[in-house]
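Now for the letters of each chain:
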Amino acid sequence: MFRKILIANRGEIALRILRACRELGVRAVVAYSERDRDSLPVRLADESICIGPAAISQSYLNIPNIVSAALVTDCEAIHPGYGFLSENPYVAEICDSYGLTFIGPPPAILEEMGSKARARYLMRQAGLPVLPGSEEPVASVVEARELAAAIGYPVLVKAVNGGGGKGMRLVHNDAEMLRLYPLAQVESETAFGRSELYVEKCLTGARHIEIQILADSAGRVIHLGERECSLQRRHQKILEETPSPAVSETLRNELGQAAVSGARAIQYAGVGTFEFLVDSDARFYFIEMNMRIQVEHPITEMVTGVDIAKWQIRLASGEPLGLAQEDVRMNGHAIECRINAEDPERAFLPDIGTIREYVPCGGPGIRVESHLYPGYQLAPEYDSLLAKVIAWGGTRHEAILRMDRALDELVLNGVKTTRPFHQRLLKDAAFLNGRTNINLVESYL
Ligand code: ADP
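These remarks concern the structure in this document. (Residues numbered from 1 in each chain as written. Predicted model: local features only at pLDDT ≥ 70, side-chain atom pairs only at ≥ 80, totals over all residues. Heavy atoms only, no water.)

Focus: the overall build of the chain
Point 1. The number of helices and strands found in the chain is 15 helices and 20 strands.
Point 2. A compact globule built from 445 residues would reach a C-alpha radius of gyration of about 22 Å, and the chain, at 21 Å, matches this within 12%.
Point 3. Taken along the three principal axes of its C-alpha coordinates, the chain extends 55 × 50 × 45 Å.
Point 4. Relative to its 445 residues, the chain shows a buried fraction of 58%. (Helix = DSSP H or I, 4+ residues; strand = E, 2+ residues; numbered from the N terminus. Rg over C-alpha atoms; globule rule 2.2 N^0.38 Å. Buried < 20%, exposed > 50% of the residue type's maximum accessible area, 1.4 Å probe, protein only.)

Shown next as structure tokens:
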């Protein structure tokens with residue numbers, strides 16, 4: 001096990017990783033921007049080190065500063081959390097050359113699977129079903145139109161190096177392709193510094209269902225069941241649950257098997273997630289792999305009792321996976337609501353301000369992952385996630401009632417939040433009946 005690691009992230013995930021380190025007896029150094037000097041992870045860390053000004057390009061994305069911070073504080077590894085540098089092959093490579101462990105897969109896997117077109121190719125080779133589309137970046141709008149003609153509209157034009165729904169456009173016909181292709185290109189260039197796009201058949205009314213896997217470097221791979229993430233706005237998840245109301249035992253085994261074979265095929269090691277779209281006939285298609293800890297990991301922890309954050313660190317340190325597939329049991333139901341500083345009344349416009357009052361909700365079955373405290377000042381540079389409220393129940397019904405109760409109880413004043421939207425969703429008939437799909441939220445809005 002590592003003696004000391006650097007956490008190169010902020011907010012709730014820095015805190016989550018810090019807590020995992022504490023329980024593993026690993027010393028943790030939190031790397032922070034000037035803006036985050038007074039943050040909770042910094043206050044609770046064993047040590048902390050400033051890596052630059054508030055702007056993410058100068059701090060949380062500043063590779064030289066982060067690597068130097070790890071070296072001067074005598075860390076053995078860097079934990080990138082999610083977002084920022086978490087799937088960046090160059091950081092992983094630089095870590096290797098300085099004798100630091102990057103807590104994530106090796107650079108070659110990050111490079112290959114980070115190209116979503118290449119990932120589709122590799123997973124198809126591994127026997128996973130993928131939607132019709134391109135397995136290499138498309139060269140031009142002309143080629144995109146030819147592909148769309150071959151697979152049939154509607155299609156999605158997606159950023160090869162995309163994430164967070166950026167650089168993605170739904171295209172219904174040739175005229176739209178001419179207009180939207182350059183927009184997706186610019187958006188991708190701005191967000192990811194690379195403008196390559198690929199084309200994929202669009203599946204309407206599908207569900208987003210993902211499988212969490214754990215893998216060690218000796219080739220042992222298991223899965224921890226699914227997460228239902230169909231409730232999304234602009235391709236961004238807002239509420240997740242497990243198990244999925246739409247997944248039978250048979251489908252769970254099939255999805256789990258697909259994810260495990262996918263991971264084996266690329267000799268993946270660490271924690272990872274295989275994302276699938278599932279249609280109304282329970283046919284599923286691989287869309288992408290996330291090679292990091294995910295925002296929604298706690299719901300899986302709640303139903304399986306497996307601490308994913310701790311396993312990620314253990315696996316990176318070379319510990320063998322001490323769990324077999326038969327050891328994994330799903331108990332009860334868990335739901336997560338992402339409470340963002342956004343105004344649902346004004347098209348989810350991000351809100352900025354100071355948290356005046358904050359009292360987290362609690363009681364049976366409730367877990368809150370948050371870096372907030374009264375007086376906390378939101379910064380315009382960072383994302384709007386304030387708190388993740390996670391509710392566990394013996395049944396889906398109980399988990400929903402508990403979430404409803406917990407959201408009522410939560411005291412969070414000073415900025416507009418998405419809580420009222422979650423409260424409405426929890427009472428929505430389609431949600432209550434488990435009839436969700438990726439288009440539900442948009443149609444509801
Ligand atoms: P990102 O990496 O930007 O999050 P993903 O490929 O994971 O992009 O897709 C994000 C979301 O976009 C999915 O959860 C789904 O709702 C939607 N989506 C992606 N691909 C398709 C598709 N082929 N058909 C329909 N919806 C899709």
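Moving on, there is more to tell.
Re the sheet that holds strand β1 (residues 4-7)
Point 1. One open sheet accounts for five strands, arranged β3-β2-β1-β4-β5; its pairing is parallel. The open sheet has two free edges, formed respectively by β3 (47-52) and β5 (101-102), since each of these has just one partner strand.
Point 2. Note that strand β4 (residues 77-79) and β5 share two bridges and pair parallel. Looking across to β5, one finds that alanine 77 is bridged to threonine 101.
Point 3. Contacts from helix α3 (residues 63-72) reach β1, β3 and β4 within the one sheet, and its direction differs from that of β3 by about 155°. (Pairing = 2+ DSSP bridges. Contact = heavy atoms within 4.5 Å. Axes fitted to C-alpha atoms, helices over the stretch in contact; angles between N-to-C directions.)

Quick word on the nonpolar core
Point 1. Leu6, Met113, Ile213, Leu214, Phe274 and Phe286 are the most contacted members of the largest nonpolar core, which totals 125 residues.
Point 2. In terms of residues, this core owes the most to one element, helix α1 (residues 11-24), which gives eight residues.
Point 3. For this core, the two domains that each supply at least three residues are domain 1 (4-103) and domain 3 (207-444).
Point 4. Those residues within four positions of isoleucine 213 in sequence are excluded, and the remaining contacts are Val221, Ile222, His223, Ala259, Ala263, Tyr268, Gly270, Val271, Gly272, Phe274 and Met289.
Point 5. Val138, Val157, Leu180 and Val199 belong to the second largest nonpolar core, which has 13 residues in total. (Core = buried A, V, L, I, M, F, W, Y, C linked by side-chain atoms within 4.5 Å. Domains from an automatic or database assignment.)

Some remarks on the sheet that holds strand β9 (residues 207-215)
Sheets are built from strands that pair by backbone hydrogen bonding, the pairs being arranged parallel or antiparallel.
Point 1. With respect to topology, eight strands assemble into an open sheet ordered β13-β12-β9-β10-β11-β14-β19-β18, the strand pairing being antiparallel. Unpaired on one side and paired on the other, β13 (284-290) and β18 (366-370) mark the two borders of the sheet. When strand polarity is set aside, the average angle formed by the axes of neighbouring strands in this sheet is 25°.
Point 2. Sheet topology places β18 next to strand β19 (residues 385-393); five bridges connect them, and they run antiparallel. Residue pairing across strands places glutamate 369 opposite lysine 388, the latter belonging to β19.

Observations concerning the pairing of strand β10 (residues 221-233)
Point 1. Burial runs high along β10: 13 of the 13 residues are buried.
Point 2. Bridging between β9 and β10 involves six bridges; their strand directions are antiparallel. Of the residues in β10, the one forming a bridge with glutamate 210 is arginine 227.
Point 3. Hairpin connection, β9 to β10: the antiparallel pair is bridged by five residues, and glycine 219 has positive phi, about 95°.
Point 4. By the bridge criterion, four bridges tie β10 to strand β11 (residues 236-242) in an arrangement that is antiparallel. Of the residues in β11, the one forming a bridge with glutamate 228 is glutamate 241.
Point 5. Where β10 folds back on β11, the antiparallel hairpin that results is connected by two residues, among which arginine 234 adopts a positive phi of roughly 50°.

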